[in-house]
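Chains, contacts and geometry: an overview
Chain by chain, the residues run as shown.
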Amino acid sequence: LLSYHLRLVALGETTNERVKGTWDGKAKPHDKGCCGNYVAMLRKPLPPSRLPNLRQLVPRDGSLAAVSPPSPEAPSEGDTARAPSPVGGSDDDA
């Protein structure tokens, strides 16, 4: 996949243009030659993200890290299940 996209950059095409055959036999308006296309790609500034800035939604004081998960419910009166014994010992050793 990487080699395919590196080839597209070298040719000065997008995936859509390549699949549709838009520039077959025609001069490409944005083609700067193989090396020129790579230089243009690497020097072009990144566009601003269209995703929301999630850093604004998270408090900086770390208050979310202090939230503990809900505790399990207490066993009902008729529940006779015993808790598992610790490793290397049993509940009968007292």
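So, here's what we can say about the structure. (Residues numbered from 1 in each chain as written. Predicted model: local features only at pLDDT ≥ 70, side-chain atom pairs only at ≥ 80, totals over all residues. Heavy atoms only, no water.)

Looking only at helices and strands, one finds three helices and zero strands in the chain. Helices (α) and strands (β) of the chain occur, in sequence order from the N terminus, as α-α-α. Counting over 94 residues, the chain shows a buried share of 5%. Of all intrachain contacts in the chain linking residues separated by at least 6 positions in sequence, the fraction that spans at least 24 positions is 27%. Here the chain has roughly 9000 Å² of accessible surface; of this, 59% comes from carbon and sulfur atoms. (Helix = DSSP H or I, 4+ residues; strand = E, 2+ residues; numbered from the N terminus. Buried < 20%, exposed > 50% of the residue type's maximum accessible area, 1.4 Å probe, protein only. Contact = heavy atoms within 4.5 Å. Areas by Shrake-Rupley, 256 points an atom, 1.4 Å probe, with all protein chains shown as cover.)

The next point concerns the environment of H5. For H5, the position within the fold is in helix α1 (residues 2-11). Note: C-alpha distance between H5 and T15 (10 residues apart in sequence) is 7.9 Å. At 3.0 Å, the side chain of H5 forms a polar contact with the backbone oxygen of L1. (Polar contact = N/O pair within 3.5 Å; in protein donor to acceptor, adjacent residues only side chain to side chain.)

With that out of the way, let us pick up the pattern of salt bridges. Under the defined criterion, the tally for this structure stands at two salt bridges. Across the pair R18 and E13 runs a salt bridge whose closest N-O atoms are separated by 3.3 Å. Looking at R18, the relative accessible area reads 31%, which means it is partly exposed. A salt bridge links E13 to K28; the nearest nitrogen and oxygen atoms lie 3.8 Å apart. With E13 in the loop between α1 and α2 (15-20) and K28 in the loop between α2 and α3 (34-43), the pair connects residues that are 15 residues apart, well separated along the chain. Under the relative-accessibility criterion, E13 is labelled buried at 10%. A relative accessible area of 23% means that K28 is categorised as partly exposed. A single network of salt bridges, built from pairs that share partners, joins E13, R18 and K28. (Salt bridge = Lys/Arg side-chain N within 4 Å of Asp/Glu carboxyl O.)

Before going further, it helps to examine the environment of M41. When you line up the elements, M41 lands in helix α3. For M41, a relative accessible area of 39% translates into the label partly exposed. For the pair M41 and V9, spaced 32 residues apart in sequence, the C-alpha to C-alpha distance is 7.9 Å.

Here we come to the side chain of E13. Looking at E13, its side chain comes within polar contact range of the side chain of R18, at 3.3 Å. In contact with E13, not counting residues within four places along its chain, are L8, R18, W23 and K28.

Another aspect to go through is a nonpolar patch on the surface. A contiguous nonpolar patch, built from L1, Y4 and V19 and spanning about 350 Å² of accessible area, is present on the exposed surface. When you line up the elements, V19 lands in helix α2. You can call V19 exposed: its relative accessible area is 64%. (Patch = residues over 30% accessible without salt bridge, like charges linked within 9 Å, V, L, I, M, F, W, Y side chains within 5 Å.)

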